[in-house]
Amino acid sequence: MEEIYEEEKKEELEFKEKIIYVSRVAKVVQGGKRFGFNALVVVGDGNGHIGYALGKAREAPDAIRKAIEKAKKNIIRVPIINDTIPYETSAKFCSAKVILKPALPGTGIIAGGTVRTIAELAGIKNLLTKSMKSHNPHNLVKATFKALSLLKYPEEIAKMRGIPLEKIGYKPVGTFSKKEKDE
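A few points on the structure.

Analysis parameters
- Residues numbered from 1 in each chain as written.
- Predicted model: local features only at pLDDT ≥ 70, side-chain atom pairs only at ≥ 80, totals over all residues.
- Heavy atoms only, no water.
- Salt bridge = Lys/Arg side-chain N within 4 Å of Asp/Glu carboxyl O.
- Helix = DSSP H or I, 4+ residues; strand = E, 2+ residues; numbered from the N terminus.
- Buried < 20%, exposed > 50% of the residue type's maximum accessible area, 1.4 Å probe, protein only.
- Pairing = 2+ DSSP bridges.
- Right-handed = clockwise from strand over helix to strand, strands pointing away.
- Arc of directions from axis to C-beta.
- Contact = heavy atoms within 4.5 Å.
- Phe/Tyr/Trp six-rings, centres within 6.5 Å; stacked < 30°, edge-to-face > 60°.
- Axes fitted to C-alpha atoms, helices over the stretch in contact; angles between N-to-C directions.

## Remarks on the pattern of salt bridges
Next, step 1: Inspection of every chain in the model, using the stated rule, returns five salt bridges.
Next, step 2: A salt bridge links Glu120 to Lys18; the shortest N-O distance between them is 3.7 Å. Of this pair, Glu120 sits in helix H3 (residues 113-122) while Lys18 sits in strand E1 (residues 16-29); the two residues are 102 residues apart in sequence, bridging distant segments of the chain.
Next, step 3: Classification of Glu120 as partly exposed rests on a relative accessible area of 37%.
Next, step 4: A salt bridge links Arg65 to Glu69; its shortest N-O distance comes to 3.5 Å. You can see Arg65 and its partner Glu69 sitting in helix H2 (residues 60-71), four residues apart, about one turn around the helix.
Next, step 5: The partly exposed category is assigned to Glu69, whose relative accessible area is 43%.
Next, step 6: One connected set of salt bridges, linked through shared partners, spans Asp62, Arg65 and Glu69.

## Describing the pairing of strand E8 (residues 127-133)
Next, step 1: Bridge count between strand E6 (residues 96-102) and E8: seven bridges; the pairing is antiparallel. Following the sheet pairing, Val98 is matched in E8 by Ser131.
Next, step 2: Between the parallel pair strand E7 (residues 109-110) and E8, the chain is carried across by H3, and the sense of this crossover is left-handed.

## Let's talk about helix H5 (residues 154-161)
Next, step 1: The set of residues buried in H5 consists of Pro154, Ile157 and Ala158. The arc that holds every buried residue of H5, seen down its axis, measures 100°, which confines them to one face. Relative to its buried face, H5 has exposed residues pointing more than 90 degrees away, namely Lys159 and Met160.
Next, step 2: At its buried positions, H5 is contacted by helix H6 (165-168).
Next, step 3: Among the residues trailing H5, Gly162 stands out with phi positive, at a value near 75°.

## Regarding the side chain of Thr84
Next, step 1: Examined against the element boundaries, Thr84 turns out to sit in the loop between strand E4 (75-77) and strand E5 (89-93).
Next, step 2: With residues up to four places along the chain from it excluded, the contact list for Thr84 reads Pro79, Pro102, Ala103, Ile124, Asn126 and Val173.

## Quick look at the packing of aromatic side chains
Next, step 1: Scanning all chains against the criterion turns up one aromatic pair.
Next, step 2: Arranged with centres 4.7 Å apart and planes meeting at 55°, the rings of Tyr52 and Phe145 form a pair that is tilted. Residue Tyr52 is found in strand E3 (residues 49-57), and its partner Phe145 is found in helix H4 (residues 137-150); the two are separated by 93 residues along the sequence.
Next, step 3: Given a relative accessible area of 25%, Tyr52 falls into the partly exposed group.

## Considerations on the sheet that holds E5
Next, step 1: Read across the open sheet, the four strands follow the order E5-E6-E8-E7; overall the sheet is mixed. The outermost strands of the open sheet, each flanked by one partner alone, are E5 and E7.
Next, step 2: As defined by bridge partners, E5 adjoins E6 across five bridges and the pair is classed as antiparallel. When the bridges of E6 are listed, Lys92 appears paired with Lys97.
Next, step 3: Most of the contacts of H4 go to E5, to which it runs at about 140°, and overall it touches E5, E6 and E8.

As structure tokens, then:
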């Protein structure tokens with residue numbers, strides 16, 4: 001029993017966390033205002049596992065701690081091939097729309113602050129992104145996670161369709177055929 005608990009503890013220590021947004025909110029009551037804090041946090045292991053959560057509390061550090069604990073429970077897996085995503089994807093949440101495109105090795109992460117943080121924590125090293133309409137961090141995080149959760153490995157897609165991988169026509173980004181190298 002203790003061995004299982006220690007393994008879980010090690011797993012928790014692997015995650016890096018980044019605060020996306022902290023906001024102060026006020027509730028007007030008789031006799032004044034009561035202040036509280038919201039913290040939007042993303043956690044990731046740099047190896048394709050990421051999660052996000054919103055924590056709320058009277059004090060900012062408590063809100064951040066709550067968000068980190070919640071985010072570690074809401075982890076998704078992101079397929080990464082050659083340090084980028086397998087194919088282009090997009091998603092919309094409320095009015096925020098995000099487009100994610102795979103990039104060649106050496107490109108880096110071309111993204112705004114919110115999407116860049118998520119990509120770095122997921123372990124994606126080469127990515128092209130565009131966020132449109134809303135720049136609200138809450139909606140951008142949710143749209144980005146929605147887009148990343150739609151991704152699958154090409155092998156999974158081939159298995160779902162019941163056809164061989166060669167028939168899908170998938171070619172990883174950054175690999176060239178013999179003809180392209182000679183030219």
